[in-house]
Number of protein chains: 2
Amino acid sequence: MSNKIITIGREFGSGGREFGRKLAELLGFAYYDREIISEIVKRTSLSEQYVQNIAEHKPVISFPIHTGRTFLTWSVMPDYGQSVHSEQHNIIREAASKSNCVIVGRGADYILRDENPFRIFIYSSMESKLQRCKLNQSRDYDKGQELSDKEMVKRIEQINKSRADYYEFYTGQKWGDKSNYDICINTSFITPEKIAEAVKLLVC
Amino acid sequence: MSNKIITIGREFGSGGREFGRKLAELLGFAYYDREIISEIVKRTSLSEQYVQNIAEHKPVISFPIHTGRTFLTWSVMPDYGQSVHSEQHNIIREAASKSNCVIVGRGADYILRDENPFRIFIYSSMESKLQRCKLNQSRDYDKGQELSDKEMVKRIEQINKSRADYYEFYTGQKWGDKSNYDICINTSFITPEKIAEAVKLLVC
């Protein structure tokens, strides 16, 4: 495979998806994010919400076993979970073999590690994540339905914990650890447009 | 102060200084690295090697005190060490107030935190650090004087441990932790020239 592949890991609330879209547009590359979930839904005839839920969470049932000084974890994965995960893996590999592309999330940096993807991680301060989420919320919800700042921070932390767990479960690597990426960008003070232009220079 | 200030933290062996020089050239900004040491030498009439040594190491003598559940560290700093550190601090602030500039190392990101510097951290894999150091060594030393790979890796680790200790001692922050930087760049597969061009876009 000699396609140019860009993978984007991202903290929830840091604008990673927005940046990924802009970058793909700017480069004229294919863009995969929720498209991967839709494709699994087509192929497996499971519901979108169910797939979304499974595709972004590590298996829930696990038994820590204490043997001497070492902790082992033996996990049980529901059948559907296993097939969703394996389908996701296949779709990511197919996408990467088809054309130059930008793939957001789903441990694509690890799945495609033999193809030397350009690996980006997008993060920001909690204050910045909160502001971005509040802005999105005010667009999507009516007054009264909105979460308080405290509830929103809790939600951001929960989603990011879940992403970290998922990534670490499937890759054995630490999510967001800079040694696993070519570049880590803090979106607290830089716009997605500027970052996309700078990254374009790095990958071209 | 409204000068543009760029600070660069860097792992030893990752090409941070080379990148810093290129970036300063490209932007037409002043560049400070060893210049800070030379300025301290001028002002204090201490020897260059002595200042270099003190300016890059945290104080050596420290007594951990165990009080209940908390560990406190009480440190004794030699008089010269204190004046070198405080002189370094003054020079960095003076440099930042004079003109747009790039400052490499010396915890400048923290010292200048109220001036909103653009904070960069440069790192790379150990394999890449080793190759870069061997290349520099083969330029600077005769055959026979060179370190083995194993000795070189140990030296790289020691210097980076010392930088981490210094940074953490004076800032209370974790050296290389991405939350303290605007961008972290892995130089294992990207050239300093490309990175400098990309960063120019981000800061202009």
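Provided above is the structure to which this section pertains.
Residues numbered from 1 in each chain as written. Chains lettered and ligands numbered in written order. Predicted model: local features only at pLDDT ≥ 70, side-chain atom pairs only at ≥ 80, totals over all residues. Heavy atoms only, no water.

Enquirer: I keep staring at the sheet that holds strand β6 (residues 118-123) of chain A and nothing clicks. Help me out?
Expert: Within a sheet, neighbouring strands are paired by backbone hydrogen bonds and run either parallel or antiparallel to one another. Spatially, β2(A)-β5(A)-β1(A)-β6(A)-β7(A)-β7(B)-β6(B)-β1(B)-β5(B)-β2(B) is the arrangement adopted by the 10 strands of the open sheet, whose pairing is mixed. Every other strand in the sheet has two partners, leaving β2 (30-32) of chain A together with β2 (30-32) of chain B as the edge strands with one partner each. On average, adjacent strands in this sheet sit at an angle of 20 degrees to one another, irrespective of strand direction. In the sheet, strand β1 (residues 5-10) of chain A pairs with β6 of chain A via 5 bridges, with the strands oriented parallel. (Pairing = 2+ DSSP bridges. Helix = DSSP H or I, 4+ residues; strand = E, 2+ residues; numbered from the N terminus. Axes fitted to C-alpha atoms, helices over the stretch in contact; angles between N-to-C directions.)

Enquirer: What's the story with the relation of the copies chain B and chain A in this structure? I'm lost.
Expert: Superposition of the two copies of the chain requires a rotation about an axis together with a shift along that axis. Overlaying chain B with chain A gives an RMSD of 0.0 Å, the required rotation being 180 degrees about an axis along which the chain moves by 0.0 Å. Considering both components of the superposition, the chain copies are consistent with a two-fold axis. In this assembly the copies share their binding face: 100% of the residues contributing to the interface of chain B also contribute to that of chain A. (Least-squares fit on C-alpha atoms with pLDDT ≥ 70 in both. Contact = heavy atoms within 4.5 Å.)

Enquirer: Quick question: what am I supposed to make of the pattern of salt bridges here?
Expert: Pairing is possible between side chains of opposite charge, provided their charged atoms come close. In total, this model carries 16 salt bridges over all chains according to the counting rule given. Note that Lys161 of chain B is salt-bridged to Asp165 of chain B, the shortest N-O span being 2.8 Å. Remark: Asp165 of chain B and Lys161 of chain B occur in helix α7 (residues 149-171); sequence separation between them is 4 residues, near one turn of the helix. Overlapping salt bridges bring together Arg17, Asp33 and Arg106 of chain A as one network. (Salt bridge = Lys/Arg side-chain N within 4 Å of Asp/Glu carboxyl O.)

Enquirer: I tried to follow the interface of chain B and chain A on my own but got confused; where do I start?
Expert: How big an interface is tends to be reported as the loss of accessible area on association of its parts. Opposite the 22 residues of chain B that make contact, chain A presents 22 residues. Of the roughly 1,900 Å² buried between chain B and chain A, counting both surfaces, carbon and sulfur atoms make up 59%. Sorting the residues of chain B by area buried against chain A places Lys178, Leu201 and Leu202 of chain B first, and these three jointly supply 30% of that buried surface. Taken together, chain B and chain A are joined by 0 salt bridges. The interface formed by chain B and chain A holds 13 residue pairs in polar contact (both at pLDDT 80 or more) in total. Looking at the side of chain B that touches chain A, the elements with two or more residues in it are β6 (118-123), β7 (183-186) and α8 (192-203) of chain B. (Buried area = accessible area lost by both parts, 1.4 Å probe. Polar contact = N/O pair within 3.5 Å; in protein donor to acceptor, adjacent residues only side chain to side chain.)

Enquirer: When you look at the packing of helix α8 (residues 192-203) of chain A against α8 of chain B in this model, what are you seeing that I'm missing?
Expert: Angle between the axes and distance between the axes: these two values describe a pair of packed helices. Put simply, α8 of chain A and α8 of chain B touch, their axes get as near as 8 Å, and they point 165 degrees apart. Taken as axis vectors, α8 of chain A and α8 of chain B run roughly antiparallel relative to one another. In the packing of α8 of chain A onto α8 of chain B, the handedness of the crossing is right-handed. Between α8 of chain A and α8 of chain B, the residues in contact are Lys194, Ile195, Glu197, Ala198, Leu201 and Leu202 of chain A and Lys194, Ile195, Glu197, Ala198, Leu201 and Leu202 of chain B, respectively. Partitioning the contact of α8 of chain A with α8 of chain B into residue classes produces 8 nonpolar, no polar and 4 charged. (Parallel < 35°, antiparallel > 145°, perpendicular 65-115°, else oblique. Left-handed = near helix turned anticlockwise from the far one by under 90°. Nonpolar A, V, L, I, M, F, W, Y, C, P; charged D, E, K, R; others polar.)

Enquirer: Looking at this model, I keep getting lost on the nonpolar core. Mind explaining?
Expert: Side chains of nonpolar character tend, in soluble globular proteins, to be buried together. Grouped together as the largest cluster of nonpolar side chains are 44 residues, with contacts concentrated most on Ile6 and Ile120 of chain A together with Ile6 and Ile120 of chain B. The residues contacting Ile6 of chain B, other than those within four sequence positions of it, are Leu23, Leu27, Phe29, Cys101, Val102, Ile103, Phe118, Ile120 and Val203 of chain B. By size, the runner-up hydrophobic cluster in this structure holds 14 residues, among which are Trp175 and Cys184 of chain A together with Tyr181 and Cys184 of chain B. (Core = buried A, V, L, I, M, F, W, Y, C linked by side-chain atoms within 4.5 Å. Buried < 20%, exposed > 50% of the residue type's maximum accessible area, 1.4 Å probe, protein only.)

This is a description of form; function is not addressed.
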